[in-house]
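Below, each chain spelled out in residue letters.
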Amino acid sequence: MKITGFTIIRNAIKYDYPVVEAITSILPVCDEFVVAVGNSEDGTLDLIKSIKSDKIRIIETIWDDSLRKDGRVLAIETDKALAAVSDDTTWAFYIQSDEIVHEKYHQAIKDAVLAYKDDVSVEGLLFKYTHFYGSYKYVADSRKWYRNEIRIIRHTKKVASYRDAQGFRKKDNTKLKVKAIDAYIYHYGWVKPPIKMTEKVRGLSYFWHTDQELDEQQPANEAFDYSGIDSLTLFEGTHPKVIQPRIEHMNWAFDFDIQQKKYSLKNRILMQFEKLTGWRIGEYKNYNRI
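These remarks concern the structure in this document. Keep in mind that this is a model prediction, so the values were computed, not measured.

### Section: unusual backbone geometry
Positioned with a positive phi, N11 is a non-glycine residue whose angle comes to about 55°. Backbone geometry at D70 places phi at a positive 60°, although glycine is not the residue there. The residue D70 is located in the loop between β3 (56–61) and α3 (72–83) in this model. Classification of D70 by relative accessible area gives partly exposed; the value is 45%.

Next up, the structure:
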């Protein structure tokens, strides 16, 4: 059995992506790791080369900046990385550049890939998500945040990145049959210094919106306003070891009253129903659990 990690990255330094932490967080469970490094304006390529591991294989790519609809370029770049995964790979483990796996989940991941290795009906493994927001002590907990996503896929060459690369489907557009595993992805994409957050939002949103829309939604050179979030709760667990240096060097303040809920009446009712039943009405699920 062989596990190959893969990811894409561009302008990691400019937009303060914790991509080194993302890669190294799953490196212990991978036999090799493919990193598709896009044409960057900073030292991203050298940053990836600085990771001390003979498991890492870098491919250099050129992003099509003319693709400014629905984040499609992210899926195209992800598919380039997936295409570079070795043919003898059993499982391909995708990690985005702001996602990190806590070391405490490594054994659960190893157990799952081994348990389903020969069961070809299992086409992917589904992870749970924790979305940090504003700082390392708050977690987003409203309906707008996805709770699960596929991050390990069986390497059949029949799978492709879907839409904006949040998940995967077969190339014939059918959903993957997946098993849920007891492991979380920690998503740190909304934890940055406010001015860096603005730069990242504008840089990434470029592939969804026109320049006018960008200026209306997030003006340049304005610190990102974290206070507009609808609901947060306190994080009560521990962070992965690889992210600890960033936590120690955090140089901005963000505090939030977790009793404050900025829900519409509809969402207030839906959230109350979810708390009572555990069922999220209308939840987006790009997979079929088996």
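### Some details on empty space enclosed by the protein
Empty space left among the atoms is revealed by rolling a probe the size of a water molecule over them. Taken as a whole, this structure holds 1 cavity of 30 Å³ or more when the rule is applied. Space inside the largest cavity adds up to approximately 40 Å³. Lining the largest cavity, in full, are D16, P18, Y136, Y188, V191, K192, I243 and R246. In the lining of the largest cavity, the residues fall into 5 nonpolar, no polar and 3 charged.

### A few points about the pattern of salt bridges
For the coordinates displayed, the defined rule picks out 23 salt bridges. In this structure, the salt-bridge partner of K157 is D87, at a minimum N-O distance of 2.6 Å. Placement of K157 in the loop between β8 (148–154) and β9 (159–162) and of D87 in the loop between α3 and β4 (91–94) is noted, with a sequence separation of 70 residues between them. Note on D87: relative accessible area 58%, which makes it exposed. A salt bridge links R147 to E283, with the shortest nitrogen-to-oxygen separation between them at 2.7 Å.

### Here we look at the layout of surface pockets
There is about 1,100 Å³ of room inside the largest pocket. Of all the secondary structure elements, the ones that give two or more residues to the lining of the largest pocket are β1 (3–9), β11 (177–190), α5 (194–205) and α6 (211–217). Looking at the lining of the largest pocket element by element, the count peaks at 5 residues for α5. In this structure, the second largest pocket encloses a volume near 370 Å³. Taken together, 19 residues make up the lining of the second largest pocket; nearest its centre are Y129, T130, V139, A140 and Y184. For the lining of the second largest pocket, the secondary-structure elements that each account for two or more residues are β6 (124–133), β7 (135–140), β11 and β12 (232–234). Per-element accounting of the lining of the second largest pocket gives the leading share, 4 residues, to β6. Among the residues making up the lining of the second largest pocket, the classes are represented as 9 nonpolar, 5 polar and 5 charged.

Basis of the calculations
- Residues numbered from 1 in each chain as written.
- Predicted model: local features only at pLDDT ≥ 70, side-chain atom pairs only at ≥ 80, totals over all residues.
- Heavy atoms only, no water.
- Helix = DSSP H or I, 4+ residues; strand = E, 2+ residues; numbered from the N terminus.
- Buried < 20%, exposed > 50% of the residue type's maximum accessible area, 1.4 Å probe, protein only.
- 1 Å grid on protein atoms, 1.4 Å probe; cavity = no way out; pocket = protein on both sides within 12 Å on 5 of 7 lines; lining within 4 Å.
- Points joined across faces, edges and corners; volume = space filled by probe spheres on them.
- Nonpolar A, V, L, I, M, F, W, Y, C, P; charged D, E, K, R; others polar.
- Salt bridge = Lys/Arg side-chain N within 4 Å of Asp/Glu carboxyl O.

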